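If you want the building blocks of each chain, they are given just below.
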Amino acid sequence: MAELREVQITEEKPLLPGHTPEVAKEAELAARILLDQGQTHSVETPYGSVTFTVYGTPKPKRPAILTYHDVGLNYKSCFQPLFQFGDMQEIIQNFVRVHVDAPGMEEGAPVFPLGYQYPSLDQLADMIPCILQYLNFSAVIGVGAGAGAYVLSRYALTHPDTVEGLVLINIDPNAKGWMDWAAHKLTGLTSSIPEMILGHLFSQEELSGNSELIQKYRNIITHAPNLENIELYWNSYNNRRDLNLERGGAVTLKCPVMLVVGDQAPHEDAVVSREFWGGRGRVGVLGWWSEGYLAKRQALFGTGRATVGPKRLIPGKNKMGMGLMGKELGSGSLGPLEGRGRREYNVIHSASCLHQVECNSKLDPTQTSFLKMADSGGQPQLTQPGKLTEAFKYFLQGMGYMASSCMTRLSRSRTASLTSAASIDGNRSRSRTLSQSSESGTLPSGPPGHTMEVSC
Ligand code: BEZ
C-alpha cells in the first residue's frame, strides 16, 4: 500500500483571483457563518426544560448577547436574518450569542400533551437564570421581540445586575385591558390561531400585500408541526400581566434600553377614533378607543398640541388606516370625509407603536433610545436588518463595547453630528425623536446616557 505522505500546499495566488478585497471579505464572512452551526443545549428548570443554541465563543469581560423570540417563531425564524446580515458580523464576532427557544418552539419539538401547563411569561423569564448558570455566564445584553421582549424585560426587572443592556423590538409592557380582550375574542370568532398570530406579527397592509416574506411566514406558522405548542405560548402572551414600569419608581429597567418599533407595526388592537373638527378646532370625538387611549395619545403627541386636524394632517399626504376593534377595514390617504366647516377624520393609531411610546415614557430617559423604523412593517429585524444592525452597533458603542473604528462611515458621521447636536441642546431631560428620514436628513442624537428617539 502506498505510504501516506503529508503534503504541504502553499497557495501563492489569491484564492479568489480578480475579486476585490470586499468580495473576498464577503466570502470569508459567508464561510464563517456556514462553519458556525451553533451548539444546541437543553436545561431542566422548575418550569420544564428549555432549549437554547450558542454561537461563537465567550469573550472575556464581555456579556453574552441573549435573544428571545416572539410568538409563532423560533430563534431562527425570528433572528437569523438579523444575525446573519453582513454588517452584523462586525458585532457578533465580539460576542457569544445565546438564542433561547421558548419551550416547545425548538425545531423538532414534540407536541405537549393535552392539559400541559405552559409557563407564564414571568415563568419563562425565571428559566433564564438556569441557562446562564449552565453556561457560567454572568451578564447579558438581551435582544427580544414581542413576547420575547416582554420576557427579557421581566428578567431584567428581577435580575438587574445581570443585564447590561436591552434591545426590545415591539414590546407591549401592558396586560390586555378589557377592550383588548373583547377585540381579541371577537377576532377569535372569525380567525384561526395562525391568522391571529400573523396579525400580531405583521400589519394588515403587509398581510394583504402578501409579499414573499409574508408567504414564507404564513407558510411556516400555518404548517407548523408544533402549532398546539405555539398556541400555548400565544395564550401565555395574551395572559401576561402588566410590567408596571414606572419612571423613577421602584419598578424600572436600570440598564440602557433600545426600544424598536416598525412604522407599520401591526394594528392588532389598534383603535379608531372619529374626530370632528370645526373651523376653530376640535368640536367632538366619537368612536371607539381602547382603555388608556387618550393617555397613550397624550404620551405620544404631548399635551395641548393639535395632532390630528387641519393644521397637522395634510389631506392626501398622510397615510392612514381605518379600523374597528382589531379589524382593519382598509387604508388610504387622509382626507376629510365630510367637507365644509366640519371635517371628519378617521384616525387609526398603531397600538403597537403607542405601547412603545408609553413604555418609553416609563423608562429612564437618560438610558433609553427609541427607534421608529420606516419601511419596516411589523418585523424590523426581518425587513430592515441593516438599519437595525447600525442602531445596535451605535447602542453597543454607547455602552463602550464597539470602538468607533468598527462603525460604518454613516454611523461615524452621525455620531460626530450628534456630538454637536447634543452640545447645542445642552442637558436634555426628556426623550426626543431623531428623524433620520431621507427627506428630513435629521440626525440621531447621542448614545445611551442621552435618551434618543430615532425615526428612520
Ligand atoms: C448567530 O450567529 O448568532 C446566529 C446564526 C444563525 C441563526 C441565528 C443566529
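Residues numbered from 1 in each chain as written. Predicted model: local features only at pLDDT ≥ 70, side-chain atom pairs only at ≥ 80, totals over all residues. Heavy atoms only, no water.

Some words on the environment of His 223
Where we set the bar: What counts as a helix is a DSSP run of H or I of at least four residues, what counts as a strand is a run of E of at least two, and both are numbered from the N terminus. Whenever a nitrogen or oxygen atom comes within 3.5 Å of another N or O atom, the pair is scored as a polar contact, on the condition that within protein one atom can donate a hydrogen and the other can accept it, and that pairs from neighbouring residues in sequence are kept only if both atoms are in side chains.
On the secondary structure map, His 223 appears in the loop between α9 (212-222) and α10 (227-238). Remark: the alpha-carbon pair of His 223 and Pro 194, spanning 29 residues in sequence, is separated by 9.0 Å. Here the side chain of His 223 touches Asn 219 through a polar contact of 2.7 Å, side chain to side chain.

Regarding unusual backbone geometry
Worth spelling out the cut-off: Each residue gets one of three labels from its accessible area relative to the maximum for its type: buried under 20%, exposed over 50%, partly exposed in between, using a 1.4 Å probe on protein chains only.
Even without glycine at this site, Asn 170 takes up a positive phi of about 55 degrees. Structurally, Asn 170 can be placed in the loop between β6 (163-169) and α6 (178-190). In this structure, Asp 375 takes a positive phi of about 55 degrees despite not being glycine. In this fold, Asp 375 is placed in the loop between β13 (368-373) and α13 (380-383). For Asp 375, a relative accessible area of 59% puts it in the exposed group.

A closer look at the packing of helix α7 (residues 193-201) against α10
Condition: Fitted lines through C-alpha atoms give the axes, limited to the stretch in contact for helices. The angle between two N-to-C directions lies from 0 to 180 degrees. These descriptions rest on fixed angle ranges, namely under 35 degrees for roughly parallel, over 145 for roughly antiparallel, 65 to 115 for roughly perpendicular, and the rest for oblique. Each crossing is labelled by how the near helix is turned from the far one, with a counterclockwise turn of less than a right angle marking it left-handed and a clockwise turn marking it right-handed. Contacts are assigned to residue pairs that have any heavy atoms within 4.5 Å of one another. Classification used: nonpolar for Ala, Val, Leu, Ile, Met, Phe, Trp, Tyr, Cys and Pro, charged for Asp, Glu, Lys and Arg, polar for all others including Gly.
The interhelical angle for the contact between α7 and α10, taken along N-to-C directions, is 50 degrees, at an axis separation of 11 Å. Judged by the angle between their axes, α7 and α10 are oblique. Handedness of the crossing formed by α7 with α10: left-handed. Seen from α7, the contacting residues are Ile 193, Pro 194, Met 196, Ile 197 and His 200; seen from α10, they are Leu 227, Ile 230, Glu 231, Trp 234 and Tyr 237. Counted by class, the contact of α7 with α10 contains eight nonpolar, one polar and one charged residues.

Observations regarding the confidence of the model for the protein
Just so we agree on the cut-off: For every residue, the predictor states its confidence as a pLDDT score lying anywhere from 0 to 100.
In the predicted model, the protein carries a mean pLDDT of 72, and 62% of its residues have values of at least 70. Overall, residues 1-16 carries pLDDT values under 50, and its contacts beyond four positions in sequence, including any with other chains, amount to two contacts.

Notes on the pairing of strand β4 (residues 97-101)
Put simply, the test is: Between any two strands, pairing holds if DSSP finds at least two bridges.
Of all five residues making up β4, five are buried, and the element is well covered by its neighbours. Here β4 shows two buried faces, one formed by Arg 97, His 99 and Asp 101 and the other by Val 98 and Val 100. With five bridges joining them, strand β2 (residues 48-55) and β4 adopt antiparallel strand pairing. Each bridged residue has a counterpart across the sheet, and for Phe 52 the counterpart in β4 is Val 100.

Things to note about the pattern of salt bridges
Rule in force here: The working definition used for a salt bridge is a side-chain nitrogen of Lys or Arg within 4 Å of a carboxyl oxygen of Asp or Glu.
Scanning the model with the defined rule gives five salt bridges in all. The salt bridge involving Lys 76 is made with Glu 107; its shortest N-O contact spans 3.9 Å. With Lys 76 in helix α2 (residues 75-83) and Glu 107 in the loop between β4 and α4 (121-135), this residue pair connects regions lying 31 residues apart in the sequence. Using a relative accessible area of 28% as the deciding quantity, one classes Lys 76 as partly exposed. Using a relative accessible area of 59% as the deciding quantity, one classes Glu 107 as exposed. Residue Asp 172 pairs with Arg 240 through a salt bridge whose shortest N-O separation is 2.8 Å. A residue pair is termed long-range when its members are at least 10 positions apart, and Asp 172 in the loop between β6 and α6 and Arg 240 in the loop between α10 and β7 (257-262) qualify at 68 residues. Through salt bridges with shared partners, a single network forms among Asp 122, Arg 154 and Arg 241.

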